[in-house]
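# Residue-level structure breakdown
Residues per chain, in single letters:
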Amino acid sequence: MATEADIDNAVRLLKAGGLVAIPTETVYGLAADALNPAAVRKIFGVKGRPPSHPLIVHVGRDARLEDWAAEVPPAARRLAERFWPGPLTMVLKRNPRVPLEVTGGQETVALRMPAHPVTLELLKRLGGGLAAPSANRFGQVSPTTAQHVRDDLGRDVELVLDGGPCTVGVESTIVDLSGDVPSLLRPGGVSREQLAGVLGTAPVAPEPERRVRTPGMLESHYAPRARVRTAAPELLEQTAAEELSAGRKTGVWTNGSVPSGAVRFPVGATASERAASLYAMLREADALGLDVLVLSLPDGGGLDAAVADRLSKAAAPRP
Ligand code: TXA
Ligand code: MG
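Residues numbered from 1 in each chain as written. Chains lettered and ligands numbered in written order. Predicted model: local features only at pLDDT ≥ 70, side-chain atom pairs only at ≥ 80, totals over all residues. Heavy atoms only, no water.

### Looking at the sheet that holds strand 4 (residues 88–93)
The 9 strands are arranged 7-1-2-6-3-5-4-8-9 in an open sheet whose pairing can be described as mixed. The open sheet is flanked by strand 7 (159–160) and strand 9 (183–186), the only strands paired with a single partner. Relative to strand 5 (residues 108–112), strand 4 is paired through 4 bridges, and the arrangement is antiparallel. Across the sheet, the residue bridging to M90 is L111, located in strand 5. Contacting strand 1 (20–22), strand 3 (56–59) and strand 6 (129–132), helix 5 (residues 117–126) crosses the sheet at an angle of about 125° to strand 6. (Pairing = 2+ DSSP bridges. Helix = DSSP H or I, 4+ residues; strand = E, 2+ residues; numbered from the N terminus. Contact = heavy atoms within 4.5 Å. Axes fitted to C-alpha atoms, helices over the stretch in contact; angles between N-to-C directions.)

Structure (structure tokens):
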């Protein structure tokens, strides 16, 4: 676990324009001082992420929305009041002081206050905000432990603040409040139903041109090396048998029986458990050298919608 001294060290590195991996309740982030364009550019280099893909600015408890956004609609205040700190990111019109490096050249900015004591303390001591994408190489599985970050980024990150395993386990919900009506860009830890409760109406699906601006919405994101194949629950065993007989090392995400020779990954009992263990499971499949992972998409709401979203993207055809 990160100590007080580690947090002070992180402040020093960030003020000097360095990168620090930070724990959040969703996934680990790779952070730079959001107001330092040169530091922010380093993030894109390390991740191998195209510079047009915008980053989320993480703010602390004493942040004022108007320091980051040019306009703060009442809905944004209500959502922040209800869900921050927590797994909700809001897209608002950009305050001109936010560098275009952070926003991928767009006139909007994504903001979130993460619910993790280490990172909230870091933000308090640092002041300002932290631009941070998930701390993995572009297009790969997000890290939910400090060790995952070290495995992925190695020496490319100066300091990894260890905050333990992420409790939510999938990335934040992203709601766009910069247009006429709120739209849901990415399902996550705050459900559509919870958003509707505060907004008065459910957020709509994004317009097609917003989609391309949100790489988390690209097909084939969040993918492990193993191919991911979806099947109806009653066909899981048969599908796994097919893969095995074709000579492929096969895993199955199920609590049911699997053909001999297949590796079984147990499914958590609740949506929260399924989300919290999702990325570790995908990493385990790769560590075992599996060729294919056979699974059924959960069909519940809440966090299951986020799990199903990430798994269907992992199962999408790869470039
Ligand atoms: O839970 C999370 O959100 C984690 C932790 C570290 O906070 N972060 C995360 O970052 O998932 P990243 O970069 O992997 O995904 C950020 C998403 C991307 O899909 C990006 O396109 C979208 O946020 N985004 C950022 N700024 C945006 C903007 N101005 N308009 C639309 N989408 C934006
Ligand atoms: Mg990511």
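Having put the structure on the table, let's press on.
### So, the pattern of salt bridges
Within the structure shown, the criterion is met by 20 salt bridges. Between E171 and R310 there is a salt bridge; the shortest N-O distance is 2.8 Å. Of this pair, E171 sits in the loop between strand 7 and strand 8 (173–176) while R310 sits in helix 11 (residues 303–315), placing them 139 residues apart in sequence. Members of the salt-bridge network, linked through shared partners, are R227, R229, E242, E243 and R248. (Salt bridge = Lys/Arg side-chain N within 4 Å of Asp/Glu carboxyl O.)

### Thoughts on the sheet that holds strand 11 (residues 250–253)
Sheet architecture is open: 4 strands sit in the order 10-13-11-12, paired in parallel fashion. Bordering the open sheet on either side are strand 10 (227–230) and strand 12 (263–265), each of which pairs with just one other strand. Direction aside, neighbouring strands of the sheet carry axes that sit 25° apart on average. Examined bridge by bridge, strand 10 and strand 13 (residues 292–295) share 4 bridges and lie parallel to one another. Bridge pairing in strand 13 places T230 opposite L295.

### Things to note about the pairing of strand 11
By the alternation rule, side chains of strand 11 split into T250 and V252 and G251 and W253, which are all buried. Sheet analysis places strand 11 next to strand 13, joined by 4 bridges and oriented parallel. Looking at the pairing, W253 lines up with L295 of strand 13. Sheet analysis places strand 11 next to strand 12, joined by 3 bridges and oriented parallel. Its bridge partner lying in strand 12, W253 is registered against F265. (Buried < 20%, exposed > 50% of the residue type's maximum accessible area, 1.4 Å probe, protein only.)

### Concerning helix 1 (residues 4–15)
Over its 12 residues, helix 1 extends 17 Å from the first C-alpha to the last, a length consistent with the 16 Å expected when each residue adds 1.5 Å. Those residues of helix 1 not exposed but buried are I7, A10, V11, L13 and L14. Taken down its axis, helix 1 places every buried residue within 165° of arc, on the same side. Looking at helix 1, the residues exposed on the side facing more than 90 degrees away from the buried face are E4, A5, R12 and K15. Trailing helix 1 by a residue or two, G17 shows a phi angle of about 90°, which is positive. (Expected span 1.5 Å × (residues − 1). Arc of directions from axis to C-beta.)

### Remarks on the packing of helix 3 (residues 74–83) against helix 7 (residues 192–199)
Running from amino to carboxyl end, helix 3 crosses helix 7 at an angle of 125°, the nearest separation of the two axes being 10 Å. Overall, the two elements helix 3 and helix 7 adopt an arrangement that is oblique. As helix 3 packs across helix 7, the resulting crossing turns out to be right-handed. When helix 3 is examined against helix 7, the residues A75, R78, L79, R82 and F83 are found in contact with a partner set consisting of Q194, L195, V198 and L199. (Parallel < 35°, antiparallel > 145°, perpendicular 65-115°, else oblique. Left-handed = near helix turned anticlockwise from the far one by under 90°.)

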